[in-house]
Amino acid sequence: MAESPPPPNKATKEELLSKSVQELVINGGQPPDNYVYKNSTGGVPDVHTPLNEIPVIDLGNLKSSATTVEEELEKLRSALSSWGCFQAINHGMTSSFLDKVHEVTMQFFSLPMDEKLKYSREANNIEGYGNDIIFSDHQILDWTDRLILKVSPEDQRKFTFWPNNPTDFRDILLKYTMELSLITEVILKAMAKSLNLEDNCFLGQMGERSTMFTRFNIYPPCPRPDLVLGLKPHADGSAITFVLQDREVEGLQFLKDNQWIRVPVIPQALLINIGDQAEIMSNGIFKSPVHRVVTNSERERISVAVFCSPDSDIEIEPIGKLVNDSRPRLYKKVKNYADTYFQYYQQGKRAIDAVRY
């Protein structure tokens, strides 16, 4: 009989707060107990999941001839109402530029720990370098280290958290997020057109001071991928989320029809999913999908996620033309959705359930 693996280690809250996941890996041993999922099957369910066809949308076709646009709009509507996500190709960014985004991400996480700690997040603030904010002693932590930066509105950027090393980090981030701002407008208008609405129905609810956060992620190798997740199951609190996946290592999975579906790596594609706020605006026609990241025992994985959300001072609600006798209003008006989202997230709950009728 094979020898049983050693049990996970216990760790105090103070120890967890003082150590990054990268440090835990360097120190060796088993994952601390606070990272371990315990359920009736003994760990993380369904790690070996099927590789289904996540829809692929050609963003160039959304701006081309009438016939092509109509076909792509129908594909977009189908993707967002059934999956809530799609892989975007022909988005206008070159492969060499996306390689540079990957490169500065990896360079930052490869810095010495004392250098990264210069950008540490403050207590109970998501912005900066670190890992999970701890809300309770029973919280299960994600096997990841992150750097979270607010990019928009411009006057809310906290440059003390923006790395000076790599030297081109800031320029790359600003160029990347500027490109994504343009793509966001294209997608929001296409979402409206796909539902036969006025172009600006979704865009108008974003406001003049919509927010954009960028989250750089590293998922170090984990000795127990059967017990530990890189990112707990959740849906996003944004309107739209962009994910630049690792160039080689899979890990992102979406929950569809009660089954976890692996997201394949398509070179240079952007994985785009809608968040809760777009589901609210669409009165539930478009689905904010639950997703997670699994760990890998052999290889580390990086990704860059960008979250685009409405101005926190604007009240959002289902678009009027999407509410009728056959489809009653499903959600209340909501303002500053992100305010409570993260506490729900860390508890493994869905914030959108609190605004349903």
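Rules behind the numbers
- Each residue is numbered by its place in its chain's sequence as written, counting from 1.
- This being a predicted model, a pLDDT of at least 70 is required before a residue's local features are given, and a value of 80 or more before pairs of side-chain atoms are given or counted; all residues contribute to the totals for chains, interfaces and linings.
- Hydrogens and water molecules were not included; the side-chain quantities draw on all heavy atoms of the structure.
- Known as pLDDT, the predictor's confidence for each residue is given on a scale from 0 to 100.
- Residues are treated as being in contact if the distance between any of their heavy atoms lies within 4.5 Å.
- The rule is simple: put a 1 Å grid over the protein atoms alone, call a set of points where a 1.4 Å probe fits but cannot get out a cavity, call an open set with protein on both sides within 12 Å along at least five of seven lines a pocket, and count a residue as lining if it has an atom within 4 Å of a point.
- Grid points are joined across faces, edges and corners, and a volume is the space filled by probe spheres set on the points.
- Where helices and strands are cited, they refer to DSSP runs of H or I of at least four residues and of E of at least two residues respectively, numbered from the N terminus.
- Charged means Asp, Glu, Lys or Arg here, nonpolar means Ala, Val, Leu, Ile, Met, Phe, Trp, Tyr, Cys or Pro, and polar covers whatever is left, Gly included.
- When DSSP locates at least two bridges between a pair of strands, those strands are taken to pair.
- Lines are fitted to the C-alpha atoms to define the axes, a helix being fitted only along its stretch in contact, and any angle between axes, read from their N-to-C directions, falls within 0 to 180 degrees.
- The rule is simple: take the accessible area with a 1.4 Å probe, protein chains only, and divide by the maximum for that residue type; under 20% is buried, over 50% is exposed, in between is partly exposed.
- Charge convention: Lys and Arg are scored as positive, Asp and Glu as negative, and His as well as the terminal groups of each chain are ignored.
- Think of a salt bridge as a Lys or Arg side-chain nitrogen and an Asp or Glu carboxyl oxygen that are within 4 Å of each other.
- Pairing of N or O atoms within 3.5 Å defines a polar contact, subject to two protein rules: one partner must be a possible hydrogen donor and the other a possible acceptor, and residues neighboring in sequence count only if both atoms are side-chain atoms.

(A) How the structure looks around the confidence of the model for the protein. Confidence in the prediction of the protein, expressed as mean pLDDT, is 90, and 90% of residues score 70 or more. Predicted confidence is poor over residues 1–16, with pLDDT under 50, and the contacts of this stretch with residues over four places away or in other chains come to 26 contacts.

(B) Representation of empty space enclosed by the protein within the structure. The full count for this structure, using the stated rule, is five cavities of 30 Å³ or more. By volume, the largest cavity amounts to about 120 Å³. Looking at the largest cavity, it is lined by 16 residues, and the ones nearest its centre are Arg-215, Leu-231, Val-243, Leu-252 and Ala-305. When residues in the lining of the largest cavity are grouped by element, the largest group, four residues, is from strand E12 (residues 301–309). Of the residues belonging to the lining of the largest cavity, the class tally is seven nonpolar, six polar and three charged.

(C) The arrangement of the sheet that holds strand E2 (residues 85–89) in detail. Strand order in the open sheet formed by eight strands is E1-E2-E10-E7-E12-E5-E4-E3, with mixed pairing between adjacent strands. Of all the strands in the sheet, just strand E1 (56–58) and strand E3 (128–130) have a single pairing partner and so form its edges. Mean inter-strand twist for the sheet, computed between neighbouring axes without regard to direction, equals 25°. Along the sheet, helix H4 (residues 95–109) makes contact with E3, strand E4 (145–152), strand E5 (211–219), strand E7 (240–244) and E12, crossing E12 at roughly 110°. Sheet strands touched by helix H6 (residues 169–194): E2, E4, E5, E7, strand E10 (270–274) and E12. Its angle to E7, the strand with the most contacts, is close to 130°.

(D) Highlighting the side chain of Arg-157. The topology assignment puts Arg-157 in the loop between E4 and H6. Of the side chains with opposite charge, Glu-154 lies nearest to the buried Arg-157, which makes no salt bridge, at 4.3 Å. Polar side-chain contacts of Arg-157 include one of 2.6 Å to the backbone oxygen of Val-151. Excluding its chain neighbours within four sequence positions, the residues that come into contact with Arg-157 are Lys-150, Val-151, Trp-162 and Leu-174.

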